[in-house]
Amino acid sequence: MIERVFNRLSLAGLCATFVGNGIGRFAFVALMPALIQSGWFSQADASCLGVATLVGYVAGAALSDSLAARFPSAWLLRASMLVCALSFLACAMQGAGLAWAYAWRTAAGAAGAVLMVLPAPVVLSRHEASIRARASGVVFSGIGLGAAASGILVPLLIGAGAALPFFHLPGLTSAWLGLGAVCLGLTALSWHAWPVEAPATSGPTDSPDLPGDIKPTVLLILLAHGLNAVGYLAHTLFLPDYVVRELGMPLAAGGLFWSMFGLGAAVGPMLAGSLADVFGLKPSLVAGLVLKAFSAILPVWSSSPAALLVSAVLMGICTPGIVALVSAYALECVGPLHHRKAWGMATTSFAIAQAGGGALMAVAATRLQSYHALFCVSAIALLASTMCIALVRERASSEERPASADPLPVAATAPNP
């Protein structure tokens, strides 16, 4: 068992979520305005590419557990990081067409889902129970760090293209290639950190079925995590537009509040994990969901810059922070043997709720006079998520259960059967 929170394995998990979600998913959000303004894609086509990422994410989340039952998780993690890197390199070809870009953005979304589902089971099962929440925080901090890095890198890379001494590249080509190079570098850096696992056997290819006594717990976690996804949609879809168009603030103000969301997201998982190791996972998760609900409703109560700043930072902290806590809590509730399956199902629930809820909110936004109703919907969803977690019945941890309860010892458990 690993006793230190920061180690090669936990940092490899950070690299995986950084590449798969921080860059693989969120860097495209930063690229979209430049893609439209430069004429690479129309607004409709660029939006279509954003949807492609979500479609791929739903598919990847649904298939992650089955893939991990057939192939070593280390192999899948490396392959998924390479796919994310290649997706950026491939999209650097201007004029390749919408279908080409759509295929690669879908692949990036699917790989991003794999890189959300698999790192936590690989990393957390090899850490002492007393530090698993903090280790989970290290892994999932890659999401916020990658999102913040992409917001900084994209403008720099676009501006650097024409300034290269020997190669004069279009700005967007430079950005695509630069982001791909970052992904390749982190893939190489973490390549040998993943544990060696036995190859998949010719036996059953599915993960062990969930025991009947933990199915209600898993169902509540699925509902909670799906509602948690709805809870951050109003902020991540509409906060900058709400600030600029509905409140009449300058465009720079919208960018500032979005940057504050990214800053919170960068520190959220480690902060949440540290608190959970002190106060316990369930109390910290409940408190985090309540705090997130407060941040969701705060813009309705007050439109002052101070209130908007607090709302943006808290929502940023809680968004990936709660993801880290849900993964660690699922491990505590179901044990290492069933963690990958339960966490994969929870990620699928999150992906479906995110895609469906986002589509409904986008349609509703065109018919509403104010975004206040959507902020209220997010807050209500988060309170319902809190109730789901509160209803989970406590169960002895894997370390406290008899050895027969988990056929594989935690220290040697490979997430593959």
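Note that the structure is a prediction, hence the values are computed from the model and not measured. (Residues numbered from 1 in each chain as written. Predicted model: local features only at pLDDT ≥ 70, side-chain atom pairs only at ≥ 80, totals over all residues. Heavy atoms only, no water.)

J.: Please explain the overall build of the chain as it appears in this structure.
T.: Scanning the chain from terminus to terminus reveals 14 helices and zero strands. When its helices and strands are written in sequence order, the chain yields α-α-α-α-α-α-α-α-α-α-α-α-α-α. A burial count over the chain gives 54% of its 417 residues as buried. Within the chain, counting contacts between residues at least 6 apart in sequence, those at least 24 apart form 84% of the total. For the chain, the accessible area works out to roughly 16,800 Å², and carbon and sulfur atoms hold 72% of it. (Helix = DSSP H or I, 4+ residues; strand = E, 2+ residues; numbered from the N terminus. Buried < 20%, exposed > 50% of the residue type's maximum accessible area, 1.4 Å probe, protein only. Contact = heavy atoms within 4.5 Å. Areas by Shrake-Rupley, 256 points an atom, 1.4 Å probe, with all protein chains shown as cover.)

J.: I tried to follow empty space enclosed by the protein on my own but got confused; where do I start?
T.: Over the atoms rolls a probe the size of a water molecule, and its path tells where empty space is left. The full count for this structure, using the stated rule, is two cavities of 30 Å³ or more. Size it by volume and the second largest cavity reaches roughly 30 Å³. If you list the elements that add at least two residues to the lining of the second largest cavity, you get helix H9 (215-246), helix H12 (305-334) and helix H14 (372-390). Considering only residue class, the lining of the second largest cavity consists of six nonpolar, three polar and no charged. (1 Å grid on protein atoms, 1.4 Å probe; cavity = no way out; pocket = protein on both sides within 12 Å on 5 of 7 lines; lining within 4 Å. Points joined across faces, edges and corners; volume = space filled by probe spheres on them. Nonpolar A, V, L, I, M, F, W, Y, C, P; charged D, E, K, R; others polar.)

J.: Looking at this model, I keep getting lost on the pattern of salt bridges. Mind explaining?
T.: Pairing between side chains of opposite charge can happen when their charged atoms approach one another. Under the definition given, this model contains one salt bridge. Aspartate 277 is paired through a salt bridge with arginine 134; the nearest N and O atoms lie 2.6 Å apart. Taken together, the residues span a long stretch of sequence, with aspartate 277 in helix H10 (residues 251-279) and arginine 134 in helix H7 (residues 132-160) at a distance of 143 residues. Classification of arginine 134 as partly exposed rests on a relative accessible area of 27%. (Salt bridge = Lys/Arg side-chain N within 4 Å of Asp/Glu carboxyl O.)

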